[in-house]
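Each chain, written out:
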Amino acid sequence: MSLLNQVDPYKPLALQTSQNQRVKLSTDTPFTPTYIQASLTQSGDPQGIYTNRVKNRHIVLENPTRASNAQKEHDAKKARRESEKKKRKTAELGRRPTDAKGLWKLENGAEKFDLFLPLHRLWMGYMSELLGLSPPSSVPVAEAMPNASSMHPKLVKADFHGSLLTVRQSKNPCLVGLSGIVIHETENAFKVITRKDQLKLIPKRNSIFTLAVPLYSTLLQTQFEPAEAVSSALSAQRPGTVLDSPHIAFDLYGNQFCFRSADRVGRKFKAKETIEL
């Protein structure tokens, strides 16, 4: 189509005779056929064009712009960057951001052994439920001993925050005999609070630890006991630590235990021969 034959559909209506005169339409002269026949056709048969091309048809008045492939790729990359940015915000903090924010630094005066005894007692109840220990005075000591083969898979995946660890053997002789409550476990070290109210960082490598687990359950059986019996049991039967009651001792080889607490949960451990230092 030449420039002379091109029609501008957005120009003022040709039906408007004067600027202030409104277009009068009726059923005999509807707007669409009248407008098309008068303005949008350059043919000698505008009635035929309207009948063949417009009448009883759906016509798109606007041509929607279609996004190009480059624009689609750009939008997809932008969406991926936004999703990765949100994941980084909600993901767990690494060692450097944690150290920078001081999340694992204790306040002044908080390095007290007695302050973490409730955490240790909570851990004893957690182990009682995890290992299915029997309640005290229900079975003799010989029968209360759980099966070691069923305890080992649970212990290697257990959470040690609140446990009481003792260094039994180490290449560093200054660490031998050091004992305390674990307040933070990393991939290569345990951070413990000793009875002397000292914060110690004990490396896992080249060290053998002794882990004490209660022999009997520390959870109170309150289903069929009166409230007075429960209160007396709380005051009389609660030991200071797991070492103050019958317990089971396990050797923990640090060289085979260099994993974070969260990583040990989904890891499959295989039985290996004992490796001496």
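Data block above holds the structure.
Residues numbered from 1 in each chain as written. Predicted model: local features only at pLDDT ≥ 70, side-chain atom pairs only at ≥ 80, totals over all residues. Heavy atoms only, no water.

Digging into the overall build of the protein chain
Then, number 1: Across its full length, the protein chain carries 9 helices and 6 strands.
Then, number 2: Across the 277 residues of the protein chain, 27% fall into the buried class.
Then, number 3: Put simply, of all contacts in the protein chain between residues at least 6 apart along the chain, 65% involve residues at least 24 apart.
Then, number 4: Accessible surface, the protein chain: about 20100 Å² in total, of which carbon and sulfur atoms supply 52%. (Helix = DSSP H or I, 4+ residues; strand = E, 2+ residues; numbered from the N terminus. Buried < 20%, exposed > 50% of the residue type's maximum accessible area, 1.4 Å probe, protein only. Contact = heavy atoms within 4.5 Å. Areas by Shrake-Rupley, 256 points an atom, 1.4 Å probe, with all protein chains shown as cover.)

A look at the packing of aromatic side chains
Each aromatic ring pair is summarised here by two numbers: the centre-to-centre distance and the angle between the ring planes.
Then, number 1: Scanning all chains against the criterion turns up 2 aromatic pairs.
Then, number 2: Here F160 and F257 contribute two aromatic rings whose centre-to-centre distance is 5.6 Å and whose plane-to-plane angle is 10 degrees, an arrangement assigned as stacked. Here F257 lies in the loop between β6 (247-253) and α9 (261-265) and F160 lies in the loop between α7 (148-155) and β1 (164-170), a separation of 97 residues in the sequence. F257 shares its class with F160; the two are buried.
Then, number 3: Ring centres of F190 and F209 lie 5.3 Å apart, and the angle between their planes is 80 degrees; on these two criteria the pair is classed as edge-to-face. Within this pair, whereas F190 is found in strand β3 (residues 189-193), its partner F209 is found in strand β5 (residues 207-214), the two being separated by 19 residues in sequence.
Then, number 4: Residue F190 is classed as buried on the basis of its relative accessible area of 1%.
Then, number 5: For F209, a relative accessible area of 1% translates into the label buried.
Then, number 6: Against the face of F160 rests R264, its NZ or CZ located 5.0 Å from the ring centre. (Phe/Tyr/Trp six-rings, centres within 6.5 Å; stacked < 30°, edge-to-face > 60°. Lys NZ or Arg CZ within 6 Å of the ring centre and 35° of its normal.)

Notes on the packing of helix α5 (residues 117-131) against α7
Then, number 1: Orientation of α5 relative to α7, taken along the N-to-C sense of each, is 125 degrees, at an axis distance of 10 Å. By the criterion of interaxial angle, the relationship of α5 to α7 is oblique. The two elements α5 and α7 meet at a crossing, and its hand is right-handed. Counted together, M127, L130 and L131 of α5 and M151, K154 and L155 of α7 form the full contact between these two elements. (Axes fitted to C-alpha atoms, helices over the stretch in contact; angles between N-to-C directions. Parallel < 35°, antiparallel > 145°, perpendicular 65-115°, else oblique. Left-handed = near helix turned anticlockwise from the far one by under 90°.)

A look at the side chain of K204
Then, number 1: Among the secondary structure elements, K204 is positioned in the loop between β4 (199-203) and β5.
Then, number 2: Using a relative accessible area of 0% as the deciding quantity, one classes K204 as buried.
Then, number 3: Reaching out from K204, the side chain makes a polar contact with the backbone oxygen of F257 at a distance of 3.2 Å.
Then, number 4: At 3.0 Å, the side chain of K204 and the backbone oxygen of F259 are in polar contact.
Then, number 5: Setting aside chain neighbours within four positions, we find K204 in contact with E185, T186, E187, N188, A189, F190, F209, G254, N255, F257, C258 and F259. (Polar contact = N/O pair within 3.5 Å; in protein donor to acceptor, adjacent residues only side chain to side chain.)

Some words on the pairing of strand β2 (residues 179-185)
Then, number 1: Within β2, 6 of the 7 residues are buried, which leaves it mostly tucked inside the rest of the structure.
Then, number 2: Inspection of the sheet shows β1 paired to β2 by 3 bridges, in the antiparallel sense. Paired with L165 across the bridge in β2 is G180.
Then, number 3: Remark: 3 residues form the turn of the hairpin made by β2 and β3, two consecutive strands paired antiparallel. (Pairing = 2+ DSSP bridges.)

Observations concerning the environment of G254
Then, number 1: For G254, the location among the structural elements is in the loop between β6 and α9.
Then, number 2: Take G254: its relative accessible area is 1%, and that puts it in the buried class.
Then, number 3: Sequence spacing of G254 and P203 is 51 residues, and the spatial spacing of their C-alpha atoms is 8.0 Å.
Then, number 4: If we skip the residues at most four places from it in the chain, G254 touches K204, S207 and F209.

Observations regarding the pattern of salt bridges
Then, number 1: Inspection of the entire model under this criterion finds 4 salt bridges.
Then, number 2: R168 serves as the salt-bridge partner of D251, at 3.3 Å between the closest nitrogen and oxygen. Of this pair, D251 sits in strand β6 while R168 sits in strand β1, and the two are 83 residues apart along the sequence.
Then, number 3: Among the residues examined, D251 registers a relative accessible area of 43% and is labelled partly exposed.
Then, number 4: Classification of R168 as partly exposed rests on a relative accessible area of 39%.
Then, number 5: Shared partners join several salt bridges into a network, and the residues in it are E185, K204 and R264. (Salt bridge = Lys/Arg side-chain N within 4 Å of Asp/Glu carboxyl O.)

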